[in-house]
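Below are the chains, spelled out letter by letter.
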Amino acid sequence: MSQLTDKYSHHAHILPLKVYLGIGGTLIFMTLVTVAVAQVHLGPFNLLVALAIAVFKAILVGLFFMHLKYDNKLFAVIFVSSLAFLGIFISITLFDTLRRGDIYQEVGMPIKANSNMYDSLRVAPAHGASGHEGATDKATESVTSGDDSSGAKATGHEGTGNDSGGAKDTGHVATGVESPKSGH
Amino acid sequence: MSYSPAVDDNGLPSPNYLSSEKGLWSWLSTLDHKRIGILYLIGITIAFFLGGVFALLLRLELFFPGQQLVGPDTYNKLFTLHGAVMVFLFIIPSIPAALGNFVLPLQLGAKDVAFPRLNLASWYIYVAGSLFALYALVTGGVDTGWTFYTPYSTSSNTAVISITTGAFILGFSSIFTGMNFIVTIHKLRAPGMTWDRLPLMVWALYGTALIQVLATPVLAITLALLIMERTLGVGIFDPAMGGDPVLFQHFFWFYSHPAVYIMILPGMGIISELIAAFSKREIVGYKFVAGSSLAIALLGFLVWGHHMFTSGQSELASAIFSFLTFFVAIPSAIKVFNWTATLYKGRISLEVPMLYALGFLFLFAIGGLTGLFLGTLSVDIHLHDTYFIVAHFHYVMMGGTVIALIGGIHYWWPKMFGRMYSQFWGVVGFILVFVGFNVTFFSQFIMGSQGMPRRYWDYLPQFQRIHGISTVGAMILGTGLFIIAIYLIASLRRGTIVGPNPWGASTLEWETTSPPHPHNFENQPVVTGGPYDFNKPRV
Amino acid sequence: MSNNQEHKGAHPPEWFQHHFTDAEQQQESAKLGMWVFLLTEILFFGGLFCAYAIYRAWHPDMFINAHTALDWRMGGLNTIVLIVSSITMAMSIRSFQLNQQKQGVMLLVVTLMCAATFMVIKYFEYSHKFHVGQLPGKFYTFTGIEGTNPHIFFSIYFLMTGLHGIHVLVGMGVIIWLIMRAKKGHFGPAYYTPVEVTGLYWHLVDMVWIFLFPLFYLIG
């Protein structure tokens, strides 16, 4: 690239037309295959087969249409690492959502209605716990840390937003999620 | 040396990027990374001022028990806006987009970032997002806390949609900056600037940029889902619609924990530069300091659940997150130990930026170590949602990032504007900031460990003395920051004109004129040695 | 066509940006930038894939019941339409590399037509669901699906296909811009970077659909 004539030109890797058409044909064929397999009842294997075919198709698109096979390997590294981080995100989140209550079942209880926390409040504590910090926080706190904060005048969400928050939390338990995930 | 005898109207070397074009429009339409860096610097300064005013109002309200200035609802809005403005408008763009934009191409020996137009666009996106946030402010504020936790944020009747739209837009600004930096570092290094010759600031910005592009999109989709939850009731996060509010916390912290490293990593980069420049010594363990930036960036993606120990997430998940959290301490400690080792037998000169670097070491050690307390499951049950948390993250974000930012501004100020500020007032400003900061926030560790909950408008009389101390500290801190702003602005006109390298530093940005040439270097620099080689000429 | 001539003089071509040292560097930078952008896109969609995974794992029966409301024929047809558009996009880049501008423009037009077809089919699907009340979240009024919270299935369906549809629309806008530039002769063997990076984006949009199709239409 030192010569001036080379400065504004470069050598591209040009694939023959039949590669694009062949890959495209394979992709369409695999689409038909995945539709056909889905009509057969395989139980949980339907998901596996469909995802395997989708991954295969995606690899073809990446390698040939997006030139990952021929371009700078850095691009492939970027692509794979984005999937790796997505994998971390989904798998760890699923690890939580599917395992709540595995070790011990939290038995929650409302913050004591007669706690001196509410002494100076005009609004009566309608639903014990409140909205934005997550109701469990408050319930756990009152159970485990012995009300050491309960003397303070509760403000803000405790006083203003708790009706809707409490009602929603009740709705939450009835969502059909198997393990009770919060302390109500 | 490209020092040129020609001078402009102000007595600064000519041509330079400040005076080569004139008029407001030349700034608003500029593609020069240095000018865009200055535009960002103005933006974040306004945001910092705004967030600082909120903070002072909060502290004044807490001076005594009972109502002083504002009622509980206003207090909730104030702490929400303080958090949201400081995080999204100030600290995330602060070092990367303002200082990073300015120094990155200079340190690489490049003419500009890879995509100058995208760079300018990212600034306009930043302004647009900030306007949305401001709109939320004038239409009644937001009272959810900066974390926008569901289910409260789905039902709060404050301006949640406009501020989350603002944060959504700001996310794109951050993504574009990150993209630009990654490509610039990969493709636009000067001849001879190999990966093991990159200044540590560049390594830190690289790690930061990786987090920006990997994590910010998840924030964007999270906020979009929150907006959808409020408008359509989609039922992903809202328990009333069958959703899971804890899931929101997963989504939010998958971004926001790595975002903590978006804040601190570039600060660590600045500290590496300062320690090397003012010890006149090569950084000990260069490869480890550089590698630890990447390690922090990657480990940051595995520990988000430590923000959720008491949320109702799976106990097993909490235990694993707690375990993984301790690993983050390793690369952080590697950095601190290597910096300390660099100081040993270095020729230390206590210039103003170096004071901030030493202050950072002290404050970051406290902030980092208290993070380990909080990462421990059983301790966190006691300390969560108390002022201990508030003190911890202020020690990291303010004692770490903001101190590093101010140190970096003092370090590169003569490069940016060609003039030096008053050393005397610089020292006074540092002392006030350092003392004020510790008085404000160390007292919060104490009250937090005694059970003072965060985000409360009022407190028991027993906390009055310590709240009073904290508020006095905040006033000292505010005074210090005010003095810094005054003497820096004053130096723009009155400061003594300096040469290309007033500190005797070794990285590439000090080879060009101060302020730099519009194209950074008159001649393409060729790098022949490492970044902190103080013994031989390198260009 | 003036931009595609040999450049032996000192004056750089119009498309060349001065802060790069050569065209190779400029092109590689653009491609790297686009790949980093695609990474952000993957994580952007990823949040919704995560929501899909979690709710499917929580309510597997509801998902299987609800997916029968989607017509796999429409989805399958759209898959094939998008694959064809990807083929023509890749071929269009090849045409510009080989200096066949007319063919390149024609292939871009075909790509655009495919994208429009995709959106038209999508429109018919959406309007049918609007009609019977299979709407997201609190607007869901359909009653024929057994299982817990079927409105969440349609929330996720509309969010994911909607976000994908927005990406198709943005892609169509960019392709129109490419066609206009290509007609002016801006692209040729020396410079076709905009077409190439748009192609990368377009293939990613196709790739996302390759996963959406089985996840929603075939296996619920």
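Look up: the structure comes first, before these words.
Okay, so let's go over this structure. Within each chain, residue numbers correspond to sequence positions counted from 1 in written order. The order in which chains are written sets their letters, starting at A; the order in which ligands are written sets their numbers, starting at 1. Whole-chain, interface and lining totals are the exception, using all residues; otherwise, since this is a predicted model, local features are given only for residues with pLDDT of at least 70 and side-chain atom pairs are given and counted only at 80 or more. Only hydrogens and water are removed before side-chain values are computed, so all heavy atoms of the structure are retained for them.

Attention now goes to the overall build of chain C. Every helix listed is a DSSP run of H or I at least four residues long, and every strand listed is a run of E at least two residues long, numbered separately from the N terminus. In terms of helices and strands, chain C carries six helices and zero strands. Think of it in three bands: with a 1.4 Å probe and only protein chains considered, a residue is buried below 20% of the maximum accessible area for its type, exposed above 50%, and partly exposed in between. The buried share of chain C, reckoned over its 220 residues, is 67%. Contacts spanning at least 24 positions in sequence make up 77% of the contacts within chain C whose residues lie at least 6 apart. Surface summary for chain C: the accessible area is close to 7800 Å², and the carbon and sulfur share equals 66%. Here, two residues are considered to be in contact whenever any of their heavy atoms come within 4.5 Å of each other. All accessibility values rest on the Shrake-Rupley procedure with a 1.4 Å probe; residue burial counts only the protein chains present in the view.

Take the packing of helix α4 (residues 101-132) of chain C against helix α6 (residues 193-218) of chain C next. Residue and element names in this part refer to chain C. Between the N-to-C directions of two axes lies an angle of 0 to 180 degrees, each axis being a line fitted to C-alpha atoms and, for a helix, fitted only over the stretch in contact. The contact between α4 and α6 brings their axes to 13 Å, and the two run at 30°. Regarding the angle of α4 to α6, the classification is roughly parallel. Judged by the twist between their axes, the crossing of α4 over α6 is left-handed. Within the contact between the two elements, α4 uses Leu-108, Thr-111, Ala-115, Phe-118, Lys-122 and Glu-125 and α6 uses Val-195, Trp-202, Trp-209 and Tyr-217. Comment on the angle field: the value is read as roughly parallel under 35 degrees, roughly antiparallel over 145, roughly perpendicular from 65 to 115, and oblique elsewhere. Each crossing gets its hand from how the near helix is turned against the far one by less than a right angle, where anticlockwise is left-handed and clockwise is right-handed.

This part is about the environment of Val526(B). Residue and element names in this part refer to chain B. Within the secondary structure layout, Val-526 lies in the segment after β2 (496-497). Given a relative accessible area of 42%, Val-526 falls into the partly exposed group. Considering only alpha carbons, one finds Val-526 and Met-193, 333 residues apart in sequence, at a separation of 7.6 Å.

Contacts between the two partners involve 62 residues from chain C, matched on the other side by 61 residues from chain A. For any pair of parts, buried area is found by adding up, for both, the accessible area (1.4 Å probe) each one loses once the two are put together. Both faces combined, the contact of chain C with chain A buries some 5200 Å², and carbon together with sulfur accounts for 78% of it. Elements that contribute at least two residues to the side of chain C that touches chain A include exactly α1 (23-58), α3 (72-97) and α6 of chain C. The element contributing the most residues to the side of chain C that touches chain A is α1(C), with 21 residues. Put simply, Ala, Val, Leu, Ile, Met, Phe, Trp, Tyr, Cys and Pro go in the nonpolar bin, Asp, Glu, Lys and Arg in the charged bin, and everything else, Gly too, in the polar bin. Residue composition of the side of chain C that touches chain A, grouped by class: 40 nonpolar, 14 polar and eight charged.

A word on the pattern of salt bridges. Side-chain pairing between opposite charges can occur once the charged atoms of the two side chains come close. Salt bridges, as used here, are contacts in which a Lys or Arg side-chain nitrogen is within 4 Å of a carboxyl oxygen on Asp or Glu. Applying the stated criterion across every chain, the model contains ten salt bridges over all chains. Of the charged contacts in the structure, one is a salt bridge between Glu196(C) and Lys31(C), with a shortest N-O distance of 3.3 Å. Of this pair, Glu196(C) sits in helix α6 while Lys31(C) sits in helix α1, placing them 165 residues apart in sequence. In this pair, the class of Glu196(C) matches that of Lys31(C), namely buried. Here Glu125(C) ties to Lys122(C) by a salt bridge, and the two come within 3.3 Å at their closest N and O atoms. With Glu125(C) and Lys122(C) both in helix α4 and three residues apart, this pair spans about one turn of that helix. What emerges from the salt-bridge pattern is a single network uniting Asp71(A), Lys187(B), Glu28(C), Lys31(C) and Glu196(C).

In this section: helix α7 (residues 200-232) of chain B. Since one α-helical turn is 3.6 residues long, residues separated by three or four positions face the same way. Residue and element names in this part refer to chain B. A helix is expected to reach a length of 1.5 Å times the quantity of its residues less one. Between its terminal C-alpha atoms α7 stretches 47 Å, which fits the 48 Å expected from 33 residues at 1.5 Å a residue. For α7, a buried count of 27 out of 33 residues is recorded, marking the element as mostly surrounded by other parts of the structure. Backbone geometry just downstream of α7 places Gly-233 in the positive-phi region, at approximately 60°.

With that settled, consider helix α4 (residues 73-97) of chain A. In a regular helix each residue adds 1.5 Å, so 25 residues correspond to 36 Å; α4(A) covers 36 Å between its end C-alpha atoms and thus fits that length. What qualifies as a polar contact is a pair of N or O atoms within 3.5 Å, subject to a donor-acceptor requirement within protein and to the restriction that residues adjacent in sequence count only when both atoms come from side chains. Residue Asn72(A) occupies the N-cap position of α4(A), its side-chain oxygen lying 3.0 Å from the main-chain nitrogen of Leu74(A).

The next subject is the interface of chain C and chain B. The interface is formed by 34 residues belonging to chain C together with 39 residues belonging to chain B. With both chains or domains summed, chain C and chain B bury close to 2900 Å², and 75% of this area falls on carbon and sulfur atoms. Contact with chain B buries surface across chain C, with His19(C), Leu43(C) and Phe44(C) losing the most and accounting together for 19% of the total. Our count for the chain C to chain B interface comes out at one salt bridge. Note that Glu28(C) and Lys187(B) form a salt bridge whose closest N and O atoms lie 3.7 Å from each other.

Another aspect to go through is the side chain of Arg100(A). Residue and element names in this part refer to chain A. Among the structural elements, Arg-100 can be located in the loop between α4 and α5 (135-144). Given a relative accessible area of 2%, Arg-100 falls into the buried group. Among the polar contacts made by the side chain of Arg-100, one reaches the side chain of Asp-96 at a distance of 3.0 Å.

Below, the discussion takes up a nonpolar patch on the surface. Residues and elements named next belong to chain A. Within the patch definition used here, like charges are joined within 9 Å and nonpolar side chains (Val, Leu, Ile, Met, Phe, Trp, Tyr) within 5 Å, considering only residues with over 30% relative accessible area and no salt bridge. Taken together, Val-40, Leu-42, Phe-45 and Leu-48 make up a surface patch of nonpolar side chains, about 380 Å² in accessible area. Note that Leu-48 resides in helix α3 (residues 45-65). Overall, Leu-48 belongs to the exposed group, its relative accessible area being 54%.

This part is about the nonpolar core. Counting residues in each nonpolar core, the largest one holds 297 residues, and the members touching the most others are Phe88(B), Trp339(B) and Phe216(C). Ranked by residues supplied to this core, first place goes to helix α8 (residues 245-279) of chain B with 23 residues. For every domain, the bounds stem from an assignment made automatically or drawn from a database. Built from parts of two domains, this core gets at least three residues from each of domain 1 (15-66) and domain 2 (74-99) of chain A. Contacts of Phe88(B), omitting those with residues within four sequence positions, involve Pro93(B), Trp146(B), Phe148(B), Ala167(B), Leu170(B), Leu219(B) and Tyr255(B). Take the buried Ala, Val, Leu, Ile, Met, Phe, Trp, Tyr and Cys residues and link them wherever side-chain atoms come within 4.5 Å; each set so joined is a nonpolar core.

A word on the packing of α4(A) against helix α10 (residues 315-343) of chain B. To characterise two packed helices, one gives the angle between the axes of the helices and the distance between these axes. One can describe the packing of α4(A) onto α10(B) by two numbers: an axis separation of 7 Å at closest approach and a directional angle of 140°. Comparing their axes, α10(B) and α4(A) come out oblique. Side by side, α4(A) and α10(B) meet where Ile92(A), Phe95(A) and Asp96(A) of the first sit next to Leu316(B), Ala317(B), Ile320(B) and Phe321(B) of the second. Residues of the contact of α4(A) with α10(B), tallied by class, amount to six nonpolar, no polar and one charged.

Here we take up unusual backbone geometry. With omega at -5°, the peptide bond leading from Ser14(B) into Pro15(B) counts as cis. Tracing the sequence through the fold places Pro15(B) in the segment before α1 (24-28). Cis geometry marks the peptide bond from Thr150(B) to Pro151(B); its omega dihedral reads 5°. In this structure, Asn149(C) is a non-glycine residue whose phi angle is positive, near 50°. Among the secondary structure elements, Asn149(C) is positioned in the loop between α4 and α5 (150-183).

Structurally, Thr80(B) can be placed in helix α3 (residues 72-108). Setting aside chain neighbours within four positions, we find Thr80(B) in contact with Val142(B), Asp143(B), Thr144(B), Gly145(B) and Trp146(B).

Pairing of aromatic rings covers Phe, Tyr and the six-membered ring of Trp, with a centre-to-centre limit of 6.5 Å; geometry is then stacked below 30 degrees between planes, edge-to-face above 60, and tilted otherwise. This model, assessed by the stated rule, comprises 72 aromatic pairs over all chains. On the numbers, 5.5 Å between centres and 55° between planes, the contact of Phe254(B) with Phe301(B) is tilted. Of this pair, Phe254(B) sits in helix α8 while Phe301(B) sits in the loop between α9 (286-299) and α10, and the two are 47 residues apart along the sequence. You can call Phe254(B) buried: its relative accessible area is 0%. Relative accessible area serves as the criterion here: at 1%, Phe301(B) is assigned to the buried category. Considering the side-chain rings of Phe153(C) and Phe154(C), the 5.2 Å spacing of their centres and the 85° angle between planes classify their relative orientation as edge-to-face. By the burial criterion, Phe153(C) is buried, and Phe154(C) matches it. Of note, Arg35(B) hangs over the ring of Trp27(B), and the distance from its end group to the ring centre comes to 4.2 Å. Criterion for a charge above a ring: Lys NZ or Arg CZ within 6 Å of the ring centre, and within 35 degrees of the ring normal.

All we've got here are geometric facts, nothing functional implied.
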